[in-house]
Amino acid sequence: MTGLRAWIRDAPAGAQLPSSRALVAEYAASPVTVQKALRRLGAEGLVEARPGIGTFVRSVRPSRGADFGWQTAALGTPRARLTGVAGPLQDAPAGAMALHAGYPGPELLPERLVRTALVRAARGAAATARTPVAGLPELRAWFAAELADATPAHLSAVTAADVVVAPGSQSALSSIFRALVAPGQPLLVESPTYWGAIQAAQQAGVVPVPVPVGLDGPDPEDLDRAFRETGARALYAQANFANPTGVQWSPARAEEVLEVVRHHGAFLVDDDWAHDFGIDSDPRPVAALDDGGHVVYLRSLTKSVSPAVRVAAVIARGPARERVLGDRAAESMYVSGLLQQAAVEVVSDPGWRSHLRRLRVQLRERRGLLVDALAAHAPDLEVAVVPPGGLHLWARLPAGTDVDRLVRDCAAERVWVSTGDEWFPAEPSGPYLRLTYTGPEPARFPDAARVIARALAGQH
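Thresholds, definitions, all that
- For every chain, the first residue of its written sequence is number 1, and the numbers climb from 1 along that sequence.
- In keeping with the model being predicted, local features are shown solely for residues with a pLDDT of at least 70 and side-chain atom pairs are shown and tallied solely at 80 or more, while totals for entire chains, interfaces and linings include all residues.
- Side-chain metrics rest on all non-hydrogen atoms present in the structure, leaving aside hydrogens and water.
- Under the scheme applied here, a residue whose accessible area is under 20% of the maximum for its type counts as buried, over 50% as exposed, and between as partly exposed, the area being computed with a 1.4 Å probe on protein chains only.
- To qualify as a helix, a DSSP run of H or I must reach at least 4 residues; to qualify as a strand, a run of E must reach at least 2; elements of each kind are numbered from the N terminus.
- Strands were regarded as paired on the criterion that DSSP finds at least two bridges between them.
- Under this scheme, a helix contributes an axis fitted over its contacting stretch, all axes are lines through C-alpha atoms, and angles between N-to-C directions fall in the 0 to 180 degree range.
- Here the angle decides the label: under 35 degrees means roughly parallel, over 145 means roughly antiparallel, 65 to 115 means roughly perpendicular, and every other value means oblique.
- Note on convention: near helix rotated counterclockwise from far helix by under a right angle means a left-handed crossing. Clockwise means right-handed.
- Every residue pair with non-hydrogen atoms within 4.5 Å of one another is taken to be in contact.
- Asp, Glu, Lys and Arg are counted as charged, while Ala, Val, Leu, Ile, Met, Phe, Trp, Tyr, Cys and Pro are counted as nonpolar; the rest, among them Gly, fall into the polar class.
- A 3.5 Å cut-off defines polar contacts: any pair of N or O atoms within that distance qualifies, except that in protein one atom must be a possible hydrogen donor and the other a possible acceptor, and neighbouring residues in sequence count only when both atoms are side-chain atoms.
- The patches described consist of residues with a relative accessible area above 30% and no salt bridge, like charges being joined within 9 Å and nonpolar side chains (Val, Leu, Ile, Met, Phe, Trp, Tyr) within 5 Å.
- Computed with a 1.4 Å probe, the accessible areas rest on the Shrake-Rupley method; for each residue, only the protein chains presented here act as cover.
- Salt bridges are identified by distance alone: a Lys or Arg side-chain nitrogen within 4 Å of an Asp or Glu carboxyl oxygen.
- As used throughout, the charge tally considers Lys and Arg to be positive and Asp and Glu to be negative, leaving His and the chain termini uncounted.
- Charge coordinates come from a single atom per side chain, which is NZ of Lys, CZ of Arg, CG of Asp or CD of Glu.

S.K.: Before we go on, may I ask you to explain the pairing of strand S16 (residues 432-436) in this structure?
M.R.: Consecutive side chains along a regular strand alternate between the two faces of the sheet. Of all five residues making up S16, five are buried, and the element is well covered by its neighbours. A two-sided burial pattern is seen for S16, the buried positions comprising Tyr-432, Arg-434 and Thr-436 on one face and Leu-433 and Leu-435 on the other. As defined by bridge partners, strand S13 (residues 392-396) adjoins S16 across five bridges and the pair is classed as antiparallel. Note that in S16 the partner of Trp-394 across the bridge is Arg-434.

Structural data, given as structure tokens:
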């Protein structure tokens with residue numbers, strides 16, 4: 001390859017390379033190796049293949065910076081100012097310790113079930129058929145049955161007719177916010193809360209209004225006052241294993257919050273993102289306590305099944321459901337039937353429940369490893385809540401910490417962490433990190449904690 005690169009460098013543009021047979025003889029390489037080398041050189045833009053003729057040195061086009069200034073006037077002011085790819089979505093370099101991401105590692109996923117389900121789905125009608133806008137009937141029935149099983153006997157349970165399938169929870173959130181809240185109107189959100197919900201609200205043109213949360217969720221009196229002062233008609237919340245705090249509402253708190261929502265004739269968007277990630281506790285969907293249409297329930301399979309299977313469900317009743325359905329139809333028409341069928345195959349397999357039981361044990365072990373590592377090697381980080389479920393720890397840093405600098409210093413030592421600032425809809429209430437315990441190589445948690453401690457010591 002080195003000799004061939006030198007030949008290309010010295011050859012004029014448009015020069016024809018020797019034939020594959022000649023290259024095999026010259027470099028004493030196999031035909032397969034030569035073909036791989038030519039494909040790689042082509043991918044790098046150094047050569048181009050002309051079928052039936054040969055391979056030629058590619059002409060180098062002049063590189064000049066284009067002036068795109070005209071686009072500034074054409075585009076105008078953006079409706080929402082997004083600062084780029086959020087920290088949890090950024091790719092850590094190979095070999096780095098990734099404590100920043102929001103997805104479980106492959107070893108925590110039902111890999112065999114997913115692969116088998118995708119093959120089976122590809123062999124069936126789902127591979128070529130257009131699915132209903134609301135989703136596959138079998139998948140909608142499964143989502144409805146799961147929530148119905150948690151519903152008390154004195155309340156009417158949801159049915160498949162109340163379910164709308166979406167391509168992941170992020171798309172679902174955008175549709176929910178557009179359906180429930182008019183542009184320019186307020187949306188109450190817990191603070192801190194999921195960064196993706198903040199972005200979805202901003203993209204929908206609604207105004208996130210923070211409501212502080214404690215160790216048991218939002219205070220009902222604070223929530224009542226926020227509804228009265230803002231005139232909001234919707235609250236976005238995560239009642240189970242909240243991202244990032246890990247807090248789970250008590251049954252009493254869920255009833256209190258729901259009563260405030262009902263009193264104001266409002267909606268509660270119940271984002272049950274971590275339904276499959278209970279450790280010390282099981283999820284308690286607030287939607288199971290309401291049959292009056294006040295709760296719009298969001299349930300995703302993407303994190304627990306596979307990031308490649310972006311499937312979620314919105315469960316709503318009445319006109320709210322019809323608005324969500326209309327928005328989904330306008331946004332993406334329908335969700336891939338192949339992915340929906342694969343999701344049905346996975347969650348209907350007896351191995352799914354076995355996987356969730358194993359996963360609970362794995363999450364408990366990894367959570368403990370990270371908690372212990374921080375306590376032993378980074379005691380200045382305060383973890384107020386050891387979450388009863390979920391994937392993350394929410395760690396407060398010492399007052400005065402420059403969080404952005406800390407993140408950069410840790411990255412310089414190949415430890416990637418997430419600044420807590422992204423989880424606040426307004427100004428952060430303090431310096432925080434969100435740390436994930438489901439990434440690769442948990443045995444390196446102590447090393448990562450030492451890096452964080454060194455980065456902190458450099459500031460204090």
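S.K.: Help me understand the packing of helix H9 (residues 220-230) against helix H10 (residues 251-263), please; the structure alone is not making it clear to me.
M.R.: Packed helix pairs are specified by the crossing angle of their axes together with the interaxial distance, meaning the distance between the axes. Packing of H9 against H10 brings their axes to within 10 Å, and their N-to-C directions diverge by 15°. Relative to H10, H9 is oriented roughly parallel. Crossing of H9 against H10: the hand is right-handed. For the pair formed by H9 and H10, the contact residues are Pro-220, Leu-223, Asp-224 and Phe-227 on the first element and Arg-253, Glu-256, Val-257, Val-260, Val-261 and His-263 on the second. Partitioned by chemical class, the residues of the contact of H9 with H10 number six nonpolar, one polar and three charged.

S.K.: Is there a simple way to think about the side chain of Asp-276 in this case?
M.R.: Assignment of secondary structure puts Asp-276 in the loop between strand S9 (267-271) and strand S10 (295-300). Separated by 3.0 Å, the side chains of Asp-276 and Arg-299 make a polar contact. Here the side chain of Asp-276 touches Ser-304 through a polar contact of 2.7 Å, side chain to side chain. Residue contacts for Asp-276: discarding those within four places in its chain leaves Arg-299, Leu-301, Ser-304, Trp-352, Leu-356 and Leu-359.

S.K.: Got a minute to help me understand a positive patch on the surface in this structure?
M.R.: Together, Arg-112, Arg-353, Arg-357 and Arg-358 line one region of the surface with positive charge. The biggest single contributor to the positive patch is helix H14 (residues 350-377), with three residues. If you trace the backbone, Arg-353 turns up in helix H14.

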